[in-house]
Every structure is written in C-alpha cells, then in structure tokens.
Amino acid sequence: MYHTVDELETFDFSQAQIFEIREYRDQIIFELGYVTIHGTNSCNRDIRDMGTNALQLKLTGVSERTLTLEGYRLFDADGNPKGGCEDEVIAEENLKKAYQDLQESTIYSLEKKDGVYSFYLDTEERTYSFVIKAEHDAQEWERFMNKTPTY
C-alpha cells in the first residue's frame, strides 16, 4: 500500500473516474479510478508518469464545501439567446443524493490553492464545480501501472 500526504501536485486527476464520494466527520473521501502519478511523487520509484486504477483521495479538516451544478445558455443558429439555466448550489440536505449522481462521472480538473480544492466534474449531461476548503489531502493506492503512451 502506498500513502502520501499533501502531495496533490504530484498527481494528475484530469480524466479520473469517480467511483464514490462520501463524508465522514470533517473528511470528504473520493474513491477514484485512472489517476496519473507523476515521477516527482515520493512513492514513485520510476522517473516517468505512472498510473493506478484505484486511488483514495481523502481531504481532512474540511471547514467549507460548495457543490454547484453549473448553468448553461442556449443559442439559436444566428447566435440569439434561446434559453438556459443559472448555476444551482446544491443544498446541504441534497448532497448525499448528488454524491450518488456523481458516481461514474469524470474529473475534468482539480486544483489546489491556499487550502482550497477546486474540482470541475463532468457527467454525461452536465458539469459541476465542487469547492472544498480543507487542511490536508492524503492519497492511498495499492499499485502502480504502466501508462499507455499517447502519440
């Protein structure tokens, strides 16, 4: 088992699949698949990017979180506004259901700045932003896998 703490920048979560999101006390835990582990990661004995098919990302000391279903605008062929909807912040009582709805979704990007983790998530139909203020991040996984080169 491999374990790192506060090494988020040594992973690439873009295109990672979300298997599960759950909360426990002051933690939010993401069970993810298909994460890239950079050669700069303290556990990566290789000097190249590797992958893993299952990784747990745990954010601890969570003090704030906001999950937003992003709005959109529709236009006709001439560029005239035709409709759409505004951003919708998911209410506290609906988070558990939203976490279930986000299973099998994909992380478009994940950034950390000043203790704020900003996730952008894609489902087949809509996109979400998930902003979490936390003290630490920890990653745990069982094995490294070779990444198929893309040419």
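The coordinates are above.
Below, the structure is looked at part by part. Note that the structure is a prediction, hence the values are computed from the model and not measured.

Each value, and the rule that gives it
- Residues numbered from 1 in each chain as written.
- Predicted model: local features only at pLDDT ≥ 70, side-chain atom pairs only at ≥ 80, totals over all residues.
- Heavy atoms only, no water.
- Helix = DSSP H or I, 4+ residues; strand = E, 2+ residues; numbered from the N terminus.
- Buried < 20%, exposed > 50% of the residue type's maximum accessible area, 1.4 Å probe, protein only.
- Areas by Shrake-Rupley, 256 points an atom, 1.4 Å probe, with all protein chains shown as cover.
- Phe/Tyr/Trp six-rings, centres within 6.5 Å; stacked < 30°, edge-to-face > 60°.
- Pairing = 2+ DSSP bridges.
- Contact = heavy atoms within 4.5 Å.

It is worth spelling out the overall build of the protein at this point. Secondary structure assignment for the protein yields one helix and 15 strands. Residues counted as buried form 38% of the 151 residues belonging to the protein. Accessible area of the protein: about 9400 Å², with a carbon and sulfur share of 45%.

Inspection of the entire model under this criterion finds 10 aromatic pairs. Look at Tyr2 and Phe144: their rings are 4.8 Å apart centre to centre, the planes differ by 70°, and that puts the pair in the edge-to-face class. One end of the pair, Tyr2, is in strand E1 (residues 2-5); the other, Phe144, is in the segment after strand E15 (136-141), with 142 residues separating them in the sequence. An aromatic cluster of three or more residues is present, and its members are Tyr2, Phe11, Phe13, Trp141 and Phe144.

Attention now moves to the pairing of strand E9 (residues 72-75). Two elements, E9 and strand E10 (residues 81-85), share four bridges in a ladder whose sense is antiparallel. Looking at E10, one finds that Leu74 is bridged to Gly83.

Our next topic: the side chain of Ser109. Looking at the element boundaries, Ser109 is found in strand E12 (residues 106-113). Overall, Ser109 belongs to the buried group, its relative accessible area being 17%. Every residue in contact with Ser109, bar those within four places of it in the chain, is listed here: Ser118, Phe119 and Tyr120.

Right, let's talk about unusual backbone geometry for a bit. The phi torsion at Asp6 lies on the positive side, around 55°, for a residue other than glycine. Position of Asp6 among the secondary structure elements: in the loop between E1 and strand E2 (11-12).

With that settled, the discussion passes to the environment of Tyr2. What makes Tyr2 partly exposed here is its relative accessible area of 30%. Sequence-wise, Tyr2 and Phe144 are 142 residues apart; in three dimensions their C-alpha atoms are separated by 9.3 Å. If we skip the residues at most four places from it in the chain, Tyr2 touches Cys43, Gln139, Glu140, Trp141, Glu142, Arg143 and Phe144.

Pairing in this open sheet of three strands is antiparallel, and the strands run E2-E5-E6 from one edge to the other. Of all the strands in the sheet, the pair left with one neighbour each is E2 and strand E6 (50-52). Taken together, the two bridges between E2 and strand E5 (residues 35-37) define a ladder with antiparallel strand orientation. Opposite Phe11, over in E5, you have Ile37 as the bridge partner.

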